[in-house]
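Structure assessment
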Amino acid sequence: MAANPVHLHVPDLNLPHSTLLPSLLFSRTKTPFHRLSKICKKKTIPEVERRSDSPPSFLHQIPPPLLFLCLSMADAAEPPSTSTSDPNPSASPLSPSSQIHPRREPFEHGLLPIPKLIFPDPTQTLGQLRQKLASQPRVDAAALAEALQISTDHARLVLDTLASVLHSESDPLVKAPPGEIDSVGADSRDLILFLYIQSYKKLLPRTHKDSAAVADVWPSTSAFDGYLSALSPLQLVRSNSRRFMPSQADEEAHQLSYLQKHMGNILSLLAEPVEGEGEGDESLVLTMEGFEHLGFLMQVGEKSSEGVSLGQAAPFFANSDPDMPAVPVPASEVLDWVSQNITSALEAITERISAKENGPSSASDQDVAMADSCNNSGKTSPSSRGTSFIEGISKSSYVKQASDLKGSSVKVLNCHDSVIYILAPLRYATVYGCSDSTIVLGAVGKAVRIEHCERVHVITAAKRVCIANCRECAFFLGVNQRPLMVGDNHKLQVAPYNTFYADLEAHMVEAGIEANINKWDEPLALGVVDPHDSLSHPAGVSDVQAETAARIDPDLFTNFLIPNWFGGESSGMTKDNPFPLPGNYMESRQKNLKSLDEMKQLLRDTPLEDSRKRELSSALHVLFKDWLYASGNVRQLYCLQGD
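No experiment lies behind these values; they were computed from the predicted model shown. (Residues numbered from 1 in each chain as written. Predicted model: local features only at pLDDT ≥ 70, side-chain atom pairs only at ≥ 80, totals over all residues. Heavy atoms only, no water.)

Counting secondary structure elements, the chain contains 20 helices and 22 strands. When the 643 residues of the chain are sorted by exposure, 47% land in the buried category. Long-range pairs, those at least 24 residues apart, make up 59% of the contacts in the chain with a sequence separation of at least 6. A total of about 31,800 Å² of accessible surface is found on the chain, and carbon and sulfur atoms cover 53% of it. (Helix = DSSP H or I, 4+ residues; strand = E, 2+ residues; numbered from the N terminus. Buried < 20%, exposed > 50% of the residue type's maximum accessible area, 1.4 Å probe, protein only. Contact = heavy atoms within 4.5 Å. Areas by Shrake-Rupley, 256 points an atom, 1.4 Å probe, with all protein chains shown as cover.)

Before going further, it helps to examine helix α5 (residues 122–132). Looking only at α5, the buried set comprises Pro122, Leu126, Gly127 and Leu129. Each buried residue of α5 lies within a common arc of 160° when the element is viewed along its axis, so the set occupies one face. Away from its buried face by more than 90 degrees, α5 exposes Gln131 and Lys132. (Arc of directions from axis to C-beta.)

Another point: a nonpolar patch on the surface. On the surface, Met599, Leu602, Leu603, Leu608, Leu616 and Leu620 cluster together to form a nonpolar patch covering roughly 510 Å² of accessible area. Elements that contribute at least two residues to the nonpolar patch include exactly α18 (583–605) and α19 (610–631). Top element by residues in the nonpolar patch is α18. It accounts for three residues. For Leu616, a relative accessible area of 34% puts it in the partly exposed group. (Patch = residues over 30% accessible without salt bridge, like charges linked within 9 Å, V, L, I, M, F, W, Y side chains within 5 Å. Salt bridge = Lys/Arg side-chain N within 4 Å of Asp/Glu carboxyl O.)

A few words now on the pattern of salt bridges. For the structure on display, the rule yields 21 salt bridges. A salt bridge links Arg189 to Glu289, with the nearest nitrogen and oxygen atoms 3.0 Å apart. Separated by 100 residues along the polypeptide, Arg189 in helix α10 (residues 188–196) and Glu289 in helix α14 (residues 288–292) bring together distant segments of the chain. On the basis of relative accessibility, which here comes to 18%, the residue Arg189 falls in the buried class.

Another point: α19. Over its 22 residues, α19 runs 31 Å from end to end, which matches the ideal 32 Å to within 8%, given 1.5 Å per residue. Gly632 sits one or two positions beyond α19 and adopts a positive phi of about 85°. (Expected span 1.5 Å × (residues − 1).)

Phi is positive for Asp417, which is not a glycine, with a value near 50°. By the secondary structure assignment, Asp417 is in the loop between β13 (409–413) and β14 (419–432). Taking the relative accessible area as the measure of exposure, Asp417 reaches 24% and is therefore partly exposed. With a phi angle near 50°, Glu472 is a residue other than glycine that sits in the positive phi range. Residue position: Glu472 is located in the loop between β17 (465–468) and β18 (474–479).

Attention shifts here to the pairing of β17. Residues Val465 and Ile467 of β17 are buried on one face, and the alternating residues Cys466 and Ala468, pointing to the opposite face, are buried as well. Of the pairings in the sheet, the one linking strand β15 (residues 438–451) to β17 comprises four bridges and is parallel in character. From the neighbouring strand, Val448 faces β17, where its bridge partner is Val465. When β17 meets strand β19 (residues 484–486), the two strands line up parallel, connected through three bridges. Note that in β19 the partner of Ala468 across the bridge is Val486. (Pairing = 2+ DSSP bridges.)

See the structure below:
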């Protein structure tokens, strides 16, 4: 009886035999004929020819010398088996030093509280969006606004935010100048993944075991009530100390769990259907290029800059020749490999968390006493993931240069009544839960997020700034994109950038910040409710817009002087504020300088006896000293003297 014919299909690669055949043979560790039978294009082959030891008849069309050479190379490349079983190498998890980690940037800086970006069924909606955008290699703001039925401003915000969290520094969206991001557009696959994770819910804080101890450590709470709750933003933060907020390990486990739950849907949005095969997962395949886009959400190794790419780590693409197109892999096989490696990573994190909770506390995770001193009143702890933590600084002046920081990201957490200088080029910066402080951030090339702060002044040069749930704060900004205002904000003020230090312009060049673009006075307010916070909110408030910020009166605008902490050590050339001041602020500054010069001249020209001059000098010193103590600035003098 004749065997039933089997119809097999493969993409048209339009390559000569000499290029195509080695790619087919070495793309998998299974036998060459098995792989050929999976990817052959519309050849009718008897059922018996599906066996791995039975060559398909179409191979007779290939010149015998070339076929013999390729098969010999395949046999040489495949080591003899020492087991009776044929284990699937793609199921092997990565080594502990090369485990999968989530990329935190999309989850920490890439979530937007725009209701139209959160879909009830993201797989179906984004699948339709992908088909709609299939003809466009890159998606600009106009096409995105039309496809999602959102405003052009929100479409531009999506592209700006995506550019700040993309994994590939070579992507045209990342390299585009601030004014050209809209026209350059985003890769549709990165855009699809960005929109998918808008469904992510942040990890909630854990309840503190000793609330009385926290109340004793933290300063008194704000005098006014919250808009959505009885607690102010900072009171909500203070009810959980830093140690009992979600730790980095907890957040990483939460992000991995999210990826594990949604990975099947995510891969289906990156995969391509195989023509002629049945419906379902088995009809989807992933190309190496599509698989690499998964690097937007996760990475191999502790640091993405030092680790290998996902394509290099995955066994089904690891040995692909860069000069040859890698053969697509079934999406189900990719899902098995990713899921197994996420499970291994979760187990390792669980063991690490358990060991920390059950073992003795180390110096790096002990709570910090709020001592009234200039030195060692808090802690700076570099993490293995390239983030430096500055936390618990109280009633101090604190300075860090680039050489003091390990990594390109900084988190300033739970600092009070202090002046903190971080004079370095950074990629990301977070200021969280601080009060009654002035914080200077050098040049931040990706994004700054300021959250749950009260009575804080933040001075920064940055590409992008997001302000969430803050009260009575002032922001002096040199920012290339519109500042984003989200959440329960109250009594915020903005002003142009007002300081400089010797290396500022060099740091701005390194971070990619343009001094001639400053959108400090164009804040964009989104919703007062964050749909990503896992909290329940009263009905109807999701449509309430966040309070925007008012401009600081030009007559009240002053320059902020950064002390020359390191004398002649710096070789920087910056001598003034690199951001041009608006006309009314420049006029106010010049008027203040003129008034100061006139006062100095008046004092010099006043004809007084020596005894009267001494009395005047003494009176001025007394008044200045009273101001120093009343304002708390006397502490900075002590710190400067100590340094």
